[in-house]
Amino acid sequence: MSRAVPRRESRLVAFLDLTQFARAVRGAEPEDVFMFLQEFYALVAQMVNASDGQIVKCIGDAMLCAWPEGSVDGGVRALLDLHQSIPAFMKKRAKPCQLDVKAHFGPVAAGPMGAPGHEREDIIGDTVNIAAMLKSAGFAVTAEVFRKLKPETRKRLKKHTPPVTYIPINAAHRD
């Protein structure tokens, strides 16, 4: 049995998660939850794909997304725009959810992974783990991401400590 050899790549890695999702869909028909998530996935895919990113995987209301090194700035702008568009999306659907975004930049191992016959493109490594474990008040990027941004994109963020992360200028803190 041959195994794929992973590619080492530098990527912007972002975790997206809807807060209060389980509570918002409690008691709902499974088909309604399914359709709601399909709409959410479509919105995210539109913005991620347009910025040269990819959705690596979805797990319920959470998603792992990644962008190549040359698309970090566009990826962060897409994440900021997505984060700003979610309140209207949720209000229209009467869901009290907000989008939590956590992003980090660094090396990953990329390639097809999974049980034999069920492999799909995936990314693995400390960069993924760091993004997943970031503390966030709704939106946070690490200093490694911030350093890759163009000056006009940096102006949309402010420093937040500890640890050092960057959040949108107009972000309301949620604890």
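*Asks:* Just checking my understanding: could you explain the pairing of strand β6 (residues 139-142) for this structure?
*Replies:* It is a general feature of regular strands that their side chains alternate between the two faces of the sheet. Residues Phe-139 and Val-141 point to one face of β6 and Ala-140 and Thr-142 to the other, with burial holding for every one of them. Here strand β4 (residues 99-113) runs beside β6; their pairing, made up of three bridges, is parallel. The partner of Ala-103 across the bridge, within β6, is Val-141. Both β6 and strand β8 (residues 165-168) contribute to a ladder of two bridges, which runs antiparallel. Directly across from Thr-142, in β8, lies its bridge partner Thr-165.

*Asks:* Whenever I open this one, the side chain of Thr-153 confuses me. Can you help?
*Replies:* For Thr-153, the location among the structural elements is in helix α6 (residues 151-154). Of note is the side chain of Thr-153, whose polar atom sits 2.7 Å from the side chain of Asp-73. The residues contacting Thr-153, other than those within four sequence positions of it, are Asp-73, Val-76 and Arg-77.

*Asks:* Is there a simple way to think about the nonpolar core in this case?
*Replies:* Generally speaking, a soluble globular protein has its nonpolar side chains buried in company with each other. In this structure, Leu-16 and Phe-40 are the most contacted members of the largest nonpolar core, which totals 38 residues. Where this core is concerned, the elements lending two or more residues are β1 (7-18), α1 (21-25), α2 (30-50), β3 (62-68), α3 (72-92), β4, β6 and α5 (143-146). In this structure, Val-13, Ala-110, Ile-123 and Ala-131 belong to the second largest nonpolar core, which totals nine residues.

*Asks:* What should I look at first to understand the packing of aromatic side chains in this one?
*Replies:* Inspection of every chain in the model, using the stated rule, returns three aromatic pairs. Ring centres of Phe-36 and Phe-89 lie 6.1 Å apart, and the angle between their planes is 40°; this geometry places the pair in the tilted category. Taken together, the positions of Phe-36 in helix α2 and Phe-89 in helix α3 put the pair 53 residues apart, joining distant regions of the chain. Each ring, one from Phe-40 and one from Tyr-41, has its centre 6.3 Å from the other, and the planes form 45°; the classification is tilted.

*Asks:* Is there a simple way to think about unusual backbone geometry in this case?
*Replies:* Even without being a glycine, Asp-52 presents a positive backbone phi close to 75°. For Asp-52, the location among the structural elements is in the loop between α2 and β2 (54-59). Not every positive phi belongs to a glycine, and Ala-94 is a case in point at roughly 55°. Summarising the element assignment, Ala-94 is placed in the loop between α3 and β4.

The rules we used
Residues numbered from 1 in each chain as written. Predicted model: local features only at pLDDT ≥ 70, side-chain atom pairs only at ≥ 80, totals over all residues. Heavy atoms only, no water. Buried < 20%, exposed > 50% of the residue type's maximum accessible area, 1.4 Å probe, protein only. Helix = DSSP H or I, 4+ residues; strand = E, 2+ residues; numbered from the N terminus. Pairing = 2+ DSSP bridges. Polar contact = N/O pair within 3.5 Å; in protein donor to acceptor, adjacent residues only side chain to side chain. Contact = heavy atoms within 4.5 Å. Core = buried A, V, L, I, M, F, W, Y, C linked by side-chain atoms within 4.5 Å. Phe/Tyr/Trp six-rings, centres within 6.5 Å; stacked < 30°, edge-to-face > 60°.

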